[in-house]
Amino acid sequence: MSKITFAIGGVHPDDAKLARGCAIEVLPLPQTMYVSMAQHLGAPAKPIVAVGDKVKTGQVIAEPGGFISAFVHSPASGTVKSIAPRKDLAGNYMTHIEIAVEGDEWVEGVDMSDTLVIGIPEDRQLILDRIKACGVVGLGGATFPTHVKLNPAPGSKAECLILNGAECEPYLTSDFRIMLERTKEIVVGAAIMQKVLGGCRTVIGIEENKPEAIAAMRKAVSELPYNIEVISLKKKYPQGGEKQLIQAVMHREVGSGGLPISVGAVVQNVATSLAVYEAVQKNKPLITNTLTITGNCLPVEKQHNYLFRIGMPLSYIAEYAGGVPEGAGKIISGGPMMGRAIANLDAATVKGSSSLLYLTAESTKRGQESLCIRCGRCADACPMGLEPFLLNRLYKAGDVAALEENAAQDCIECGCCLYSCPAYIPLLDNVRQAKGMALGAIRARAAAKK
Amino acid sequence: MAYIVSPNPHIHAAVSTKRLMLDVIIALCPAAIVSFLYYGLGEIAIMAFSIASCVVLEWAITKYMLKKSSTTGDLSAIVTGMLLAMNLPPTCPLWVVFIGAVVSIAVAKMTFGGIGQNIFNPAITGRVFLLVSFPTFMTDWTVPAGFISNVDAFSGATLLGQVPILGALEADKLVSLQTFFHNIGGSAGEISAVALLAGWVYLLVRKVIKPWITLSIFATIAVIAGIFHMVDPAQYTGILFNLLTGGVILGACFMATDYVTSPMSTWGGVVFGVGIGFIVMMIRYFGSYPEGMSFAILLMNMAVPLINMKFHQRKFGRK
Amino acid sequence: MNSIVIWTIVILAGLGLVLAVVLFIIAESFKVEEDPRIEQIEKALPGANCGGCGYAGCHAFADTAVKAADLSAHFCPVGGNEVMKKVSAILGYAVVEKAPQVAVVRCNGTCAARPKVNVYDGVQSCRVKAALYSGDTLCAFGCLGCGDCVSACEFGALSMDPETGLPVVDESKCVACGKCVKACPKGLIELRAKGPRGMRVYVDCRNQDKGPAARKACANACIGCGICVKTCTHDAIVLENNIAYIDYSKCKLCRECEAMCPTGAIHGVNFPKELDREGIKARVAARKKEVSNE
């Protein structure tokens, strides 16, 4: 048993990796796709096509709307039918480019072969430019533009690149499958990022409940000419949290409000590494990702891992997989701990989509809230060492100064507090608001200083 | 089909207040059963009456006085009832038990707002109230006939009560391996250290409580008793005597570890435990009462808000 | 026995006297010199400390009012013009009268008119719910129904109607402090002029969807058809983002828009007579004919 893990808090939900045995299948193209302009952290992208334009697969259809933003590419060839607000999975409006799919004719210059390209370009700037041009963003959940993350501010130096293969969320198996099926590509992607960061130590961290992935990755690393380690991590949620993973691997703690680079760390998801490989070695833009269809009301034979084109409606994927199962009470995009409940299944997939998770109403409905018994389980579970019961109380009292003093702004919204509360108090619901209040106060002060 | 939408997380550890209380009840059962065996039907009656009184009182207060939905479903009133019965002598009249239940539930628990809001451990508050109000009933250590005949049973005083009579040296000799299994005389629940510790281990295995409070109480008592006993064995009883007699094990395992009235953080818990250990030894060595576990816990209950203010979890990325 | 009682009384009374003197001395020696008008103004104010004026409380209002050059930035919505007259008199400034206002909830998406499409299972707070998603109906602009406005109101003027699932303003209690306006994450509540004898006309919807989408989401929605804009002869209605808005300073309460609205999204309240829908429609049609004939 591996002992490598983070030091504070954490919980142990049943990992329920039901779809682990399902090989990745390629989804056929639907008739219409909707490409969102807000698929990444930062400013929304700006469309550069007009209604009626013909587009090819992989063609740039929107450019970055700011420094922290990303290019967006067409997921298929066809005609731009509309550029209009459309509801995302939460029911809020965002500009989408609607594409009437006519075929799959790719733009020039993309290497469509399956051959593994090992030789890495020498020019660091060329690599970064390709990553940027291909619209690569972090696929671990935060969708932070990768070229920005790989280009730390002058003065800070990367000492360790950590590849996040923890996949600590229950049910999700997309990262597991690509680690099995695209092992060498991921390793080459890691080596590319290692080179960009100046040849620092590079570690692939995988939770020990995925022994096949660990074995495959170790084999691939030994066969390829790079200096990369594979580490087996203890199974504990939220192992895949950036700060937690850095602590587990490097024994360093990122300070409050700090970035990983402040302790010399850069964390990238394994799926991002694959996207980096395809961007740099194959010149292939990020228009596909892997998604798991799973849940506790879906028989295993109906569970799938799909390679989807970014922009396919969730409802299309659900229908293709056999429809929403009978017993589903809640549909979640992402894992059961941090995923988002879907209010609008017609919403389009985005770069960060990783699952369609069907949970029965009984397993996901919240219990009746009762009084706090001060058991302290939330504080024990919090991986940031916060005291959610206290933050909950301070939030209700509206005491922003005390919230800041008790580090509400450090919350990573992992859900461990609410997961472990025996009184079913909606701790995270309130602490998330408290975090917003504390961050607002900090930002207001910073702005006033300027 | 209308699906559920809620903020994350979407799953739960499936631990409820009720389940935690049920675990405490299960953990108390071994000691309760041993007390039934040695003290007979009377003790069963006290236990049943105490539980019934606590549950009915809580139900009636929430329903008719607070006009809120009933909280008796969380089983915490049953835990209070069991602990109260286990803290009374096996000969205690039922009307005294009832007064104890009133003080525990109505005064110590519900006036503060019910579960989670009280400052003092309800069962101990009830016991201490009875101890100072009805000292004759509360220190009548006559042993009633039980299901297991007990030849060396004695009446009149507990082991702790023997200290001023026999002196520390003789009293120390009364503690043997047998004391570890059954310790006749004293409150009903204190009878078997083994049964209590078995329940405590169950709670640890089920991760209902953490061991630090209990261990720090034991350690503090052992250190203080060790030092004093080494200095003057004729005056001060020894480590084993102080750990195994009186309410130390019952208090340290089940009363001091009460969620509501103990500190939240690990180090706060240690401070709390050390405080209890210190106070109990001071009362035993220098006080006028032979036993001080209840007083020690009550006094430290008062300090909990202060301890909680001072001791916090270690925060990530902050020194 | 008697002497004990007497001594007890004497000692306690003496103690009280001594402490009173000490307190008086301390109070006097630490007294902060303050503009006496501040206290006068504070006395004139209602003392609700609601913050409706935009200052931290009644004292802050008085404190800043004394230092201000005029009363343009100071208006107590709770006390209204009556109180402001007194404050103006104390400071010797010109009286700035304002039309009395009232909070208006601009959503009529009742449970019956606006079908629920999902079940919300989080904490009952509009703020949390709005941060999570657009709400449990197809309308992304309407009332979330968790009652943040109700808990924000310090005057008990708001309550949730269990039948419609919408908040109701008690006009007799509303002081237009604006707390509910800030509390509503959807920006549904507006402070509008109370109007003569409480009569006012407003668009009871904020849905910016196009017609069909708005209609699908809610039977009572404004569909942005613009009939009201064309009908209004006072130039009081603007249509922006598929939603009509009536400028209360221009509205002459003719109720023509209300009668012409195809979805009933425009509401007139506190009118003594019931709306003569057919009569107004005939009148508007006749006027249109006249215009086209010219």
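Residues numbered from 1 in each chain as written. Chains lettered and ligands numbered in written order. Predicted model: local features only at pLDDT ≥ 70, side-chain atom pairs only at ≥ 80, totals over all residues.

Student: Any details on the overall build of chain B? Residues and values, ideally.
Tutor: Within chain B, the regular secondary structure consists of 15 helices and one strand. A compact globule built from 319 residues would reach a C-alpha radius of gyration of about 20 Å, and chain B, at 20 Å, matches this within 12%. Dimensions of chain B, computed from C-alpha atoms along their principal axes, come out at roughly 75 × 50 × 30 Å. Of all 319 residues assigned to chain B, the portion counted as buried reaches 54%. The long-range fraction of contacts in chain B, counting pairs at least 24 apart against all pairs at least 6 apart in sequence, stands at 74%. (Helix = DSSP H or I, 4+ residues; strand = E, 2+ residues; numbered from the N terminus. Rg over C-alpha atoms; globule rule 2.2 N^0.38 Å. Buried ≥ 20, exposed ≤ 12 C-beta atoms within 10 Å, placed from the backbone. Contact = placed C-beta atoms within 7 Å.)

Student: I'd love a proper account of the overall build of chain A, names of residues and values included.
Tutor: When helices and strands are tallied, chain A shows 14 helices and 17 strands. Compactness check: chain A gives a C-alpha radius of gyration of 22 Å against a globular reference of 22 Å for 450 residues, within 12% of the reference. Its C-alpha atoms put chain A at 65 × 50 × 50 Å along the principal axes. Counting all 450 residues of chain A, 56% fall into the buried class. By sequence separation, contacts in chain A at least 24 residues apart represent 74% of the contacts at least 6 residues apart.

Student: Give a description of the interface of chain B and chain A that names residues and reports values.
Tutor: Opposite the 30 residues of chain B that make contact, chain A presents 48 residues. For the side of chain B that touches chain A, the secondary-structure elements that each account for two or more residues are strand 1 (3-5) and helix 1 (17-39) of chain B. Among the elements that line the side of chain B that touches chain A, the one with the most residues is strand 1 of chain B, at three residues.

Student: Give me the lowdown on the confidence of the model for chain B, citing residues and values where you can.
Tutor: Summarising the model, chain B shows a mean pLDDT of 88, and 96% of its residues fall at 70 or more. Taken together, the chains of this predicted complex give a pTM of 0.88 and an interface ipTM of 0.90. (pLDDT = per-residue confidence, 0-100.)

Student: Please give an account of the sheet that holds strand 13 (residues 288-295) of chain A that cites residues and values.
Tutor: All names here are of chain A. Taken in spatial order, the six strands of this open sheet run 1-14-13-17-15-16, and their pairing is mixed. Both outer strands of the open sheet, strand 1 (24-26) and strand 16 (340-341), are each paired with one neighbouring strand and no more. Examined bridge by bridge, strand 1 and strand 14 (residues 304-309) share three bridges and lie parallel to one another. What sits directly across from Val26, in strand 14, is Leu307. (Pairing = 2+ DSSP bridges.)

Student: Lay out the pairing of strand 8 (residues 93-103) of chain A with the relevant residues and their values.
Tutor: Residues and elements named next belong to chain A. Where strand 2 (residues 32-36) meets strand 8, five bridges bridge the pair, whose relative direction is antiparallel. Across the sheet, the residue bridging to Thr32 is Ala100, located in strand 8. Bridge analysis of strand 7 (residues 77-87) against strand 8 gives 10 bridges, and the strand direction is antiparallel. Along strand 8, the bridge assignment pairs Ser82 with Glu98.

Student: Explain the domain arrangement of chain A to me, and be specific about the residues and the numbers.
Tutor: Residues and elements named next belong to chain A. When cut into domains, chain A gives domain 1 (124-282) and domain 2 (377-449). Relative to domain 2, the C-alpha centre of domain 1 lies at a distance of 29 Å. Contacts between domain 1 and domain 2 engage six residues on the former and six residues on the latter. Grouping the amino acids of the side of domain 1 that touches domain 2 by side-chain chemistry returns one nonpolar, four polar and one charged. (Domains from an automatic or database assignment. Nonpolar A, V, L, I, M, F, W, Y, C, P; charged D, E, K, R; others polar.)

Student: A description of the pairing of strand 3 (residues 158-161) of chain C should follow, citing residues and the corresponding values.
Tutor: All names here are of chain C. In the sheet, strand 3 pairs with strand 4 (residues 166-169) via four bridges, with the strands oriented antiparallel. Residue pairing across strands places Ser159 opposite Val168, the latter belonging to strand 4. Where strand 3 folds back on strand 4, the antiparallel hairpin that results is connected by four residues, among which Gly165 adopts a positive phi of roughly 75°.

Student: Tell me about the environment of Leu197(A), and name the residues and values.
Tutor: Positionally, Leu197(A) belongs in the loop between helix 4 (183-196) and strand 10 (201-207). Note: C-alpha distance between Leu197(A) and Thr32(A) (165 residues apart in sequence) is 40 Å.

Student: How would you explain the packing of helix 4 of chain A against helix 7 (residues 270-282) of chain A if you had to name every residue and give the values?
Tutor: All names here are of chain A. It is the contact of helix 4 with helix 7, at a shortest axis distance of 7 Å, that shows an interaxial angle of 80°. Taken together, helix 4 and helix 7 sit at an angle that is classed as roughly perpendicular. Residue-level contacts link Glu185, Ile186, Val188, Gly189, Ala190, Ile192 and Met193 of helix 4 to Val270, Ser273, Leu274, Val276, Tyr277, Val280 and Gln281 of helix 7. (Axes fitted to C-alpha atoms, helices over the stretch in contact; angles between N-to-C directions. Parallel < 35°, antiparallel > 145°, perpendicular 65-115°, else oblique.)

Student: Could you give an account of the nonpolar core, with specific residues and numbers?
Tutor: Counting 149 residues, the largest nonpolar core has Ile162(A), Ile192(A), Met217(A), Val276(A), Leu391(A), Cys417(A) and Val431(A) as the members making the most contacts within it. When residues of this core are assigned to domains, at least three fall in each of domain 1 (124-282) and domain 2 (377-449) of chain A. Not counting chain neighbours up to four residues away, the residues in contact with Leu391(A) comprise Leu386(A), Leu403(A), Asn406(A), Ala408(A), Val431(A) and Ala434(A). Membership of the second largest hydrophobic core comes to 89 residues, among which are Ala27(B), Ala77(B), Phe254(B) and Ala256(B). (Core = buried A, V, L, I, M, F, W, Y, C linked by C-beta atoms within 7 Å.)

Student: Describe the interface of chain A and chain C, naming the residues involved and giving the relevant values.
Tutor: Between chain A and chain C, the contact holds 11 residues from the first and 11 residues from the second. Counting residues per element, the side of chain A that touches chain C draws most heavily on helix 14 (residues 427-449) of chain A, at three residues. A per-class count over the side of chain A that touches chain C returns four nonpolar, four polar and three charged.

Student: Account for the sheet that holds strand 3 (residues 46-47) of chain A, naming residues and giving values.
Tutor: Neighbouring strands of a sheet are bound in pairs by backbone hydrogen bonds; such pairs are parallel or else antiparallel. Residues and elements named next belong to chain A. Taken in spatial order, the three strands make up an open sheet running 3-5-6, and their pairing is antiparallel. At either margin of the open sheet sits one strand with a lone partner, and together these are strand 3 and strand 6 (72-73). In terms of strand pairing, strand 5 (residues 60-63) meets strand 6 through two bridges, oriented antiparallel. What sits directly across from Val60, in strand 6, is His73.

Student: Would you mind going over the environment of Ile373(A) in detail, with residue names and values included?
Tutor: Structurally, Ile373(A) can be placed in the loop between helix 9 (361-364) and helix 10 (377-381). Placed 260 residues apart in sequence, Ile373(A) and Ser113(A) show a C-alpha to C-alpha distance of 61 Å. For Ile373(A), the contacting residues outside a window of four places in its chain are Pro422(A), Ala423(A), Thr17(B), Ile115(B), Gly116(B), Tyr259(B) and Val260(B).

Student: Please give an account of the packing of helix 5 (residues 122-133) of chain B against helix 15 (residues 293-310) of chain B that cites residues and values.
Tutor: Residue and element names in this part refer to chain B. Close contact between helix 5 and helix 15 brings their axes to 10 Å; oriented N to C, the two are set at 125°. In this view, helix 5 runs oblique relative to helix 15, as classed from their interaxial angle. Of the two elements, helix 5 crosses helix 15, and the hand of that crossing is left-handed. From helix 5, Ile124, Thr125, Arg127 and Val128 reach across to helix 15, where they touch Ser294, Phe295, Ile297 and Leu298. When the residues that make up the contact of helix 5 with helix 15 are grouped by side-chain class, the tally is five nonpolar, two polar and one charged. (Left-handed = near helix turned anticlockwise from the far one by under 90°.)

Student: Now, about unusual backbone geometry: what can you tell me, with residues and values included?
Tutor: The omega torsion across Tyr237(A) and Pro238(A) is -5°, close enough to zero to call that bond cis. Note on placement: Pro238(A) falls in the loop between strand 11 (229-233) and helix 6 (242-250). Residues Asn8(B) and Pro9(B) are joined by a peptide bond in cis, for which omega reads -5°. Notably, Arg197(C) is not glycine yet its phi reads approximately 50°, a positive angle. By the secondary structure assignment, Arg197(C) is in the loop between strand 5 (189-193) and strand 6 (200-203). Positioned with a positive phi, Asp235(C) is a non-glycine residue whose angle comes to about 60°. By the secondary structure assignment, Asp235(C) is in the loop between helix 9 (227-231) and strand 7 (237-240). For Asp235(C), a count of 9 C-beta atoms within 10 Å gives the class exposed.

Student: Which residues make up the environment of Gly205(A), and what are the values?
Tutor: All names here are of chain A. If you trace the backbone, Gly205 turns up in strand 10. Each C-alpha atom of the pair Gly205 and Pro75 lies 31 Å from the other, and the pair is 130 residues apart in sequence. If we skip the residues at most four places from it in the chain, Gly205 touches Ile162, Leu163, Asn164, Gly165, Ala166, Ile231, Leu233, Leu245, Ala248 and Val249.

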